[in-house]
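Spelled out, the chains give:
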There are 2 protein chains.
Amino acid sequence: MALKNLEVACDYFLNDPDSIFSPLSEEEKKDLFANHVCTVYKKGEIIFKEGDKPTGLICLANGKVKIFKEGVGGREQIVRMASPLGFIGYRALFAGQNYSGSALALEDSIVCILEKEALFKILKNNAEITLALMKKMADELGISNTRTVSLTQKHIRGRLAESLLLLVDTYGLEEDGRTIRAYLSREDLANLSNMTTSNAIRTLSTFASEKLISLEGRKISILDMKKLERVSDMG
Amino acid sequence: MALKNLEVACDYFLNDPDSIFSPLSEEEKKDLFANHVCTVYKKGEIIFKEGDKPTGLICLANGKVKIFKEGVGGREQIVRMASPLGFIGYRALFAGQNYSGSALALEDSIVCILEKEALFKILKNNAEITLALMKKMADELGISNTRTVSLTQKHIRGRLAESLLLLVDTYGLEEDGRTIRAYLSREDLANLSNMTTSNAIRTLSTFASEKLISLEGRKISILDMKKLERVSDMG
DNA sequence: ATAAAAAAATGTTTTATAACACATTATCCC
DNA sequence: GGGATAATGTGTTATAAAACATTTTTTTAT
């Protein structure tokens, strides 16, 4: 990972006009910058674990991260897929709790941590930014509730189709306009979709034989988006 | 419903020292009060429907309310049970979206609606209160994520046991120290626990025959809390 | 390059739970 | 009060998906 990338990793979160922090004064930004750390996590490394104490607001500058919980008998459920320029672990931070899930880098990732105390000092004087963070959390709560219903009520095909669409939504498509810009293991795909790995593999093959998608190792291309959406909606 | 109750319904939310609005100035409270409506909903009445536009922050002064979503084939999933002195529908309000679920009064209920514009005007100048609301939402997001895992991974017994414990947690026990202070239909219990009504009935009977609970119509008493917790934890 | 380990693929069996069918009991309401 | 309607209870069947078993392919390490 080029050192330069690391240096500018934090830049977006503080200075980009699209960032929720852009309304801050130069002084406040300086204060946040003085209390931040940037870190590189290699593919497969844990960023935080269930039970860890949050040290600040983690901003994902680069890479892909899965947030997951351990369920019955250690079975993993992926709660969320994080993408660049998003926040990680802010739920626990704002609930004043330890992390209720773990985060793992699915690719080499750069994160930028805005230290807790400095952040809250600034939030206490900036309701606008606090409201913007609140909006993000409200969005996420809506997604979580919807996901609960999908994961419990849809059948395997619907759940897997929904996950593929979620990945497209989160990470987009490659230049060819049909390949999902995310290369997950079948196991991760299964843990995202609440099914066994075997069933994820099987159902992917079925989708491929139905020409909904094409498969090439971990590379998944959407051949028929409309039909895939229909499969996702049908349950 | 006594009129007096209606008049004082809003009182807690604005004036009680435990309320998140207590830090407001008298003037701000007056402003909120001038822009509020109190309403009584009879048992079975809809408070809002999926797709409706939020008009303000709904505070439940009295009663019991279920928040639910329609899933595959109209199948209902109860997302949350609201109890007095809690907020309803604030997720959509802060996400700037229409309601993504519906709310229905399970008993005669009094709600107090703080009008949107007046509320936001005040929140913009009070990061402390905004942070307090954010904490509530962060708590709820944690619960939602945990629930997703429980509802997808636990078996029927575990899911039902968890729901019973959730009801105890939310509404408490009667004076006898063992009867759940909430009298849901088997169908609601099923929709809370992600199972069919038949299975809710069957599993309740099994719990009763195992002396975990006792049943008397809708009255459910916990006979062995420890064992019930164990059933919930085992999945 | 080859062994070892991990991931993917596929067929078979088992099981949890939904779906269905029907009986019984409460509750509503004219 | 009695008919209608909704809620509860119970047995049976069907099925989706997990569990299990085994093979093949890919990746990683030595």
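Residues numbered from 1 in each chain as written. Chains lettered and ligands numbered in written order. Predicted model: local features only at pLDDT ≥ 70, side-chain atom pairs only at ≥ 80, totals over all residues. Heavy atoms only, no water.

Neighbouring DNA strand C are 16 residues; Arg186 and Arg202 of chain A together with His155, Ile156 and Asn199 of chain B lie closest to it. Taking the atoms of DNA strand C that fall within 4 Å of the protein, sugar and phosphate contribute 66% of them. Between a base oxygen of DNA strand C and a side-chain N or O atom of Ser198 of chain A, the distance comes to 3.4 Å. In this structure, Ile156 of chain B approaches DNA strand C through a main-chain N or O atom, which is 3.2 Å from a phosphate oxygen. At the level of secondary structure, the elements contributing two or more residues to the surface near DNA strand C comprise helix H9 (197-209) of chain A together with helix H7 (156-171) and helix H9 (197-209) of chain B. For the surface near DNA strand C, the class distribution of residues is three nonpolar, eight polar and five charged. (Near = heavy atom within 4 Å. Polar contact = N/O pair within 3.5 Å; in protein donor to acceptor, adjacent residues only side chain to side chain. Helix = DSSP H or I, 4+ residues; strand = E, 2+ residues; numbered from the N terminus. Nonpolar A, V, L, I, M, F, W, Y, C, P; charged D, E, K, R; others polar.)

So, about the protein's contact with DNA strand D. In the region of DNA strand D, 16 residues are neighbours, and His155, Ile156 and Asn199 of chain A together with Arg186 and Arg202 of chain B sit closest. Thr196 of chain A is positioned with one of its side-chain polar atoms (N or O) 3.4 Å from a phosphate oxygen of DNA strand D. Separating a phosphate oxygen of DNA strand D from a side-chain N or O atom of Asn199 of chain A is a distance of 2.4 Å. Looking at which element gives the most residues to the surface near DNA strand D, the answer is H9 of chain B, with four residues. Here the surface near DNA strand D is built from residues that sort into three nonpolar, eight polar and five charged.

Below, the discussion takes up the interface of chain A and chain B. In this complex, chain A contributes 40 residues to the contact, which on the side of chain B involves 40 residues. For the pair chain A and chain B, the summed buried surface comes to about 3,600 Å²; carbon and sulfur atoms form 69% of the total. A per-residue breakdown of the area chain A buries against chain B is headed by Met134, Leu141 and Gln153 of chain A, which together make up 19% of the total. Linking chain A with chain B are 16 residue pairs in polar contact (both at pLDDT 80 or more), by the criterion used here. Listed by contribution, the elements that provide at least two residues to the side of chain A that touches chain B are strand E5 (76-82), helix H4 (90-95), helix H5 (116-123) and helix H6 (127-153) of chain A. When residues in the side of chain A that touches chain B are grouped by element, the largest group, 20 residues, is from H6 of chain A. (Contact = heavy atoms within 4.5 Å. Buried area = accessible area lost by both parts, 1.4 Å probe.)

Quick look at the environment of Val231 of chain A now. Structurally, the position occupied by Val231 of chain A is in helix H10 (residues 225-234). If we skip the residues at most four places from it in the chain, Val231 of chain A touches Arg157, Gly158, Ala161, Phe207 and Leu212 of chain A.

This part covers the nonpolar core. By size, the foremost hydrophobic cluster in this structure holds 62 residues, and its most contacted members are Phe21 and Phe94 of chain A together with Phe21 and Phe94 of chain B. Apart from residues lying up to four places away in sequence, Phe21 of chain A is in contact with Phe13, Leu14, Lys29, Leu32, Leu57, Phe87, Leu114, Leu119 and Ile129 of chain A. (Core = buried A, V, L, I, M, F, W, Y, C linked by side-chain atoms within 4.5 Å. Buried < 20%, exposed > 50% of the residue type's maximum accessible area, 1.4 Å probe, protein only.)

Attention now goes to the packing of helix H3 (residues 26-34) of chain A against H5 of chain A. For any two helices packed against each other, one specifies the inter-axial angle together with the distance between the axes. Residues and elements named next belong to chain A. The contact between H3 and H5 brings their axes to 8 Å, and the two run at 160°. Overall, the two elements H3 and H5 adopt an arrangement that is roughly antiparallel. Both H3 and H5 take part in a crossing whose hand is left-handed. Two secondary-structure elements touch here, H3 through Glu28, Asp31 and Leu32 and H5 through Ala118, Leu119, Lys121 and Ile122. For the contact of H3 with H5, a count of residues per class yields four nonpolar, no polar and three charged. (Axes fitted to C-alpha atoms, helices over the stretch in contact; angles between N-to-C directions. Parallel < 35°, antiparallel > 145°, perpendicular 65-115°, else oblique. Left-handed = near helix turned anticlockwise from the far one by under 90°.)

Moving on, we come to the relation of the copies chain A and chain B. Of the transformation placing chain A onto chain B, the axial shift is 0.0 Å and the rotation is 180°, giving an RMSD of 0.0 Å. What the superposition gives is, in effect, a two-fold axis relating one chain to the other. Closest to the rotation axis within chain A is the C-alpha of Ala127 of chain A, separated from it by 2.1 Å. A shared interface surface links the copies, since 100% of the contact residues of chain A are contact residues in chain B too. (Least-squares fit on C-alpha atoms with pLDDT ≥ 70 in both.)

Ordered in space as E2-E7-E4-E5 (chain B), the four strands form an open sheet in which the pairing is antiparallel. Because the sheet does not close on itself, it has two edges, and the strands there are strand E2 (46-48) and strand E5 (76-82) of chain B. Taking each pair of neighbouring strands and ignoring which way they run, the sheet shows an average axis angle of 30°. Note: strand E4 (residues 65-70) of chain B against E5 of chain B, six bridges, orientation antiparallel. Note on E5 of chain B: the bridge partner recorded for Glu70 of chain B is Glu76 of chain B. Of the strands in this sheet, E4 and E5 of chain B touch H6 of chain A, which is tilted by about 140° from E5 of chain B. (Pairing = 2+ DSSP bridges.)

The next thing to look at is the state of the cysteines. All names here are of chain A. Under the definition given, this model contains zero disulfides over all chains. As a non-bridged cysteine, Cys38 has Cys112 as the owner of its nearest cysteine sulfur, 4.0 Å distant. Judged by relative accessible area, Cys38 falls into the partly exposed class, the value being 21%. (Disulfide = S-S within 2.5 Å.)

Here we take up the domain arrangement of chain A. All names here are of chain A. Domain assignment breaks chain A into domain 1 (3-127) and domain 2 (154-234). Domain 1 and domain 2 are separated by 27 Å when their C-alpha centres are compared. Domain 1 puts eleven residues into the contact, and the matching count from domain 2 is ten residues. Counting the surface lost from both domain 1 and domain 2, the interface buries some 1,000 Å², and carbon and sulfur atoms represent 53% of this. In terms of surface lost to domain 2, no three residues of domain 1 exceed Lys64, Ile78 and Met81, which account for 47% of the buried area on that side. Counting every contact that joins domain 1 to domain 2 gives one salt bridge. Across the pair Asp188 and Lys66 runs a salt bridge, and its minimum N-O distance is 2.8 Å. Counting every contact that joins domain 1 to domain 2 gives seven residue pairs in polar contact (both at pLDDT 80 or more). (Domains from an automatic or database assignment. Salt bridge = Lys/Arg side-chain N within 4 Å of Asp/Glu carboxyl O.)

Counting buried positions over the eight residues of H5 of chain A gives six, a clear majority of the element. Summarising the contacts, the buried residues of H5 of chain A are in contact with H3, strand E3 (56-62), H4, strand E8 (109-115) and H6 of chain A together with helix H6 (127-153) of chain B. With a side-chain oxygen positioned 3.2 Å from the backbone nitrogen of Glu117 of chain A, the residue opening H5 of chain A is Glu115 of chain A.

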